[in-house]
Amino acid sequence: MAELETEFQLVETAFQNFLADLSSIQEVVQDKWKTFNEHKTSLKGKLAKCAADNSRKVSLDIGGQTFNTTEGTLLKEQRSFFASLLSQPATQDDSTDPPPQGSSPYFIDRSPRVFDIILDYLRTG
């Protein structure tokens, strides 16, 4: 009988230790969940900003070939020709004003083969 009581106490102690460990694990999981949700919220905000920055479509006629991209892609290199072109303040007689979406594209008299490489770089880095 004493042997059963001893074994019962060992099982009871092991179970209490298990519950304590489970409680500790639960705290860690809750902390990780909170951190995950904070990161998720932050990423959603960044994605929304990125989508807004990239939403305006721009058409370019490069040497007779039309390329469609977004303003955000063309503005990735801040000191580029395209950043200068797209960020100029609009004036009434300025021929470099951005054409309204859906209208004629900007015309740039350069090789479309070379521009294809430049646009790929701007898109992928």
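All of the points below concern the structure found in this document.

The rules behind the values
- Residues numbered from 1 in each chain as written.
- Predicted model: local features only at pLDDT ≥ 70, side-chain atom pairs only at ≥ 80, totals over all residues.
- Heavy atoms only, no water.
- Core = buried A, V, L, I, M, F, W, Y, C linked by side-chain atoms within 4.5 Å.
- Buried < 20%, exposed > 50% of the residue type's maximum accessible area, 1.4 Å probe, protein only.
- Contact = heavy atoms within 4.5 Å.
- Pairing = 2+ DSSP bridges.
- Helix = DSSP H or I, 4+ residues; strand = E, 2+ residues; numbered from the N terminus.
- Axes fitted to C-alpha atoms, helices over the stretch in contact; angles between N-to-C directions.
- Phe/Tyr/Trp six-rings, centres within 6.5 Å; stacked < 30°, edge-to-face > 60°.
- Salt bridge = Lys/Arg side-chain N within 4 Å of Asp/Glu carboxyl O.

Digging into the nonpolar core
Phase 1: With 13 residues, the main nonpolar core has Leu-60, Ile-62, Leu-74, Phe-82, Tyr-106 and Phe-115 as its most contacted residues.
Phase 2: Other than its neighbours up to four places away in sequence, Phe-115 contacts Leu-60, Ile-62, Phe-67 and Phe-82.

Points about the sheet that holds strand β2 (residues 65-70)
Phase 1: The strand order β2-β1-β3 describes an open sheet built from 3 strands, whose pairing is mixed. Among the strands making up the open sheet, the edge pair consists of β2 and β3 (106-108). Neighbour to neighbour, the strand axes of the sheet diverge by 30° on average, direction disregarded.
Phase 2: In this sheet, β2 lies alongside strand β1 (residues 57-62) in antiparallel orientation, the contact comprising 6 bridges.

Notes on the packing of aromatic side chains
Phase 1: In this structure the tally under the stated criterion is 5 aromatic pairs.
Phase 2: A centroid spacing of 4.8 Å and a plane angle of 75° characterise the contact between Phe-67 and Phe-115, whose relative ring orientation is edge-to-face. With Phe-67 in strand β2 and Phe-115 in helix α4 (residues 112-124), the pair connects residues that are 48 residues apart, well separated along the chain. Across the pair, Phe-115 and Phe-67 agree in class, each one buried.
Phase 3: Taken together through their ring pairs, the aromatic side chains of Phe-67, Phe-81, Phe-82 and Phe-115 make up a single cluster.

Some details on the pattern of salt bridges
Phase 1: Inspection of the entire model under this criterion finds 1 salt bridge.
Phase 2: Glu-71 is the partner of Arg-56 in a salt bridge, and the nearest nitrogen-oxygen pair spans 2.9 Å. Taken together, the residues Arg-56 in the loop between α1 (2-53) and β1 and Glu-71 in helix α2 (residues 71-74) connect sequence positions 15 residues apart.
Phase 3: The exposure class of Arg-56 is partly exposed, given its relative accessible area of 23%.

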